[in-house]
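# Residue-level structural notes
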Amino acid sequence: MGRKGCLNRYVSMWLVAVLLICVLPGCGQATQGGKGGVKIFFSLNEMDTFRQTLVDSAAEQAAAVGAQFVMEDAQGSIERQVEQLKNAAAGGYDVIICSPVSVDTAVQLKMSVGDIPIVFVNSCPDEKYLQAGKYVYVGSSEQVAGAFQAEYVLNKLSGRQELNVVLIKGPATHSATEGRTTGAKRALEESGRQINYVFEDSANWDTGQAQKLFELFLKTGVTADCVICNNDSMALGVMEACKNNGINCAELPILGVDATADGCAAIRSGDMAFTVYQSGSGQGHAAVDAAIQLVERGSVKDIEGSTEDGRYVWVDFERVDSSNVSQYSK
């Protein structure tokens, strides 16, 4: 092989290696913007279908506005995430987008990056850790999702003055768990009806864990009027438990959140009653806009959905049931 052939082969091998680095699970995702663009580092708590949408949207928006963007997956490790942020600070990044492994680490995460502003996404720290112009949260108001679920149940079961409710929750360390659960309970209890929480436990967003929990509940012999789950994956687990135990899902309202492809398919088939659409693409887009505005203007007030106190940028939730699920099918 001649010198030119060897060179071409070397270049081809180098390109393949680069492509493999970009797609291997757990590796970083990088988008280079224009020269001198804002440098954004995104530390993800742990990848799943929804968060992949969020990350992809953030990367696309960063590229569109000429920002430099690098994402790394902490893979559920608090220690790894802290180390990622320290490295980002040392690497000269202008702003951090962070999906915290645990909201309880907000202070530690802030200390890891010094004076660099942080846009929190996906899991919201307590509001006392947020600060206008410095530490903001971009996402959807989780209590609204829970309230939407309760609203559906109350309308669907309008003829009943007493309701037996099963609650399947996400991880205790995730802000969505508290927000969605609190929102649902508040709306149910404000209805004036007798609400009995006959079973309440965490399945950590997981389909298999939710299935096992609901099968455990079924062994108690207590009747449930509805099952409210903090996300679609757990609702699908409840659905499988029902099918395995001869329960007609169409007669037991099962509710989730996220409007995932599988969740929407279950609504179309009649096995799941209701979900709430959370726009991962909208959140990713808004997170990058917020990051850039924090660097360039020290404020997020010009972003649609920003609150008066400057600490939040809200991306609206949307109700999804059999009447409109076709609009959300993936």
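Residues numbered from 1 in each chain as written. Predicted model: local features only at pLDDT ≥ 70, side-chain atom pairs only at ≥ 80, totals over all residues. Heavy atoms only, no water.

## Quick word on the sheet that holds strand 9 (residues 226-229)
Across the sheet, four strands lie side by side as 8-7-9-10; this open sheet has parallel pairing. On the outer flanks of this sheet lie strand 8 (194-202) and strand 10 (254-255), each paired with one strand and no other. The sheet strands contacting helix 6 (residues 175-189) are strand 7 (162-169), strand 8 and strand 9, and the helix crosses strand 8 at an angle near 165 degrees. Contacting strand 7, strand 8 and strand 9, helix 7 (residues 207-218) crosses the sheet at an angle of about 130 degrees to strand 8. (Pairing = 2+ DSSP bridges. Helix = DSSP H or I, 4+ residues; strand = E, 2+ residues; numbered from the N terminus. Contact = heavy atoms within 4.5 Å. Axes fitted to C-alpha atoms, helices over the stretch in contact; angles between N-to-C directions.)

## Description of the packing of helix 8 (residues 232-244) against helix 9 (residues 261-269)
Following both chains from N to C, one finds helix 8 and helix 9 inclined at 45 degrees, their axes separated by 9 Å at the closest point. The orientation of helix 8 with respect to helix 9, classified from their angle, is oblique. Between helix 8 and helix 9 lies a crossing whose hand is left-handed. Contacts between helix 8 and helix 9 involve Asp232, Leu236 and Met239 on the former and, on the latter, Asp262, Gly263 and Ala266. A class-by-class count of the residues in the contact of helix 8 with helix 9 yields three nonpolar, one polar and two charged. (Parallel < 35°, antiparallel > 145°, perpendicular 65-115°, else oblique. Left-handed = near helix turned anticlockwise from the far one by under 90°. Nonpolar A, V, L, I, M, F, W, Y, C, P; charged D, E, K, R; others polar.)

## A closer look at the pairing of strand 7
As a general feature of sheets, a regular strand has side chains that alternate between the two faces. The buried fraction of strand 7 amounts to six of the eight residues, a majority that puts the element mostly inside the structure. Relative to strand 9, strand 7 runs parallel, the two sharing four bridges. The residue bridging Val165 from the neighbouring strand is Cys226, located in strand 9. (Buried < 20%, exposed > 50% of the residue type's maximum accessible area, 1.4 Å probe, protein only.)

## Some words on the layout of surface pockets
The computed volume of the largest pocket comes to approximately 590 Å³. Within this model, the second largest pocket holds a volume of roughly 460 Å³. Lining the second largest pocket are 20 residues; nearest its centre among them are Cys124, Pro125, Asp126, Ser175 and Glu178. Every element with two or more residues in the lining of the second largest pocket is listed here: helix 5 (142-156), helix 6 and strand 12 (312-314). Of all the elements, helix 6 adds the most residues to the lining of the second largest pocket, at three residues. Within the lining of the second largest pocket, the residues separate by chemical class into eight nonpolar, seven polar and five charged. (1 Å grid on protein atoms, 1.4 Å probe; cavity = no way out; pocket = protein on both sides within 12 Å on 5 of 7 lines; lining within 4 Å. Points joined across faces, edges and corners; volume = space filled by probe spheres on them.)

## A look at unusual backbone geometry
You will see that Asn122, though not glycine, has its phi angle at about 70 degrees, which is positive. Checked against the element boundaries, Asn122 lands in the loop between strand 5 (118-121) and strand 6 (135-139). Of note in this structure, Trp205 is not a glycine but carries a positive phi near 70 degrees. Owing to a relative accessible area of 18%, Trp205 belongs among the buried residues under this scheme.

## Observations concerning the pairing of strand 9
Neither face of strand 9 is left uncovered, since the one carrying Cys226 and Ile228 and the one carrying Val227 and Cys229 both have all their residues buried. In the sheet, strand 9 pairs with strand 10 via two bridges, with the strands oriented parallel. Paired with Ile228 across the strands is Leu255, a residue of strand 10. In this view, the connection linking strand 9 to its parallel neighbour strand 10 by way of helix 8 has right-handed handedness. (Right-handed = clockwise from strand over helix to strand, strands pointing away.)

## Some points on the pattern of salt bridges
Tallied over the full model, the rule gives ten salt bridges. Close ionic contact of Asp225 with Arg160 constitutes a salt bridge, the shortest N to O distance being 2.6 Å. Residue Asp225 is located in the loop between helix 7 and strand 9, and its partner Arg160 is located in the loop between helix 5 and strand 7; the two are separated by 65 residues in the primary sequence. Classification of Arg160 as partly exposed rests on a relative accessible area of 38%. Residues participating in the shared-partner salt-bridge network are Glu142, Arg180 and Asp258. (Salt bridge = Lys/Arg side-chain N within 4 Å of Asp/Glu carboxyl O.)

## Digging into the side chain of Asp73
Examined against the element boundaries, Asp73 turns out to sit in strand 3 (residues 68-73). Buried charged residue Asp73 carries no salt bridge. Nearest counter-charge: Arg80, at 6.9 Å. At 3.4 Å, the side chain of Asp73 and the backbone nitrogen of Met47 are in polar contact. One polar contact links the side chain of Asp73 to the main-chain amide nitrogen of Gln75, over a distance of 2.7 Å. (Lys, Arg positive; Asp, Glu negative; His and termini not counted. Polar contact = N/O pair within 3.5 Å; in protein donor to acceptor, adjacent residues only side chain to side chain.)

## Quick notes on helix 8
Spacing of three or four residues puts side chains on the same side of an α-helix, whose turn is 3.6 residues. For helix 8, spanning 13 residues, the distance from its first C-alpha to its last is 18 Å, which sits close to the expected 18 Å at 1.5 Å a residue. Along helix 8, the residues classified as buried are Asp232, Met234, Ala235, Leu236, Gly237, Val238, Met239, Ala241 and Cys242. For helix 8, the capping residue at the N-terminal end is Asn231, with a side-chain oxygen 3.5 Å from the backbone nitrogen of Ser233. (Expected span 1.5 Å × (residues − 1).)

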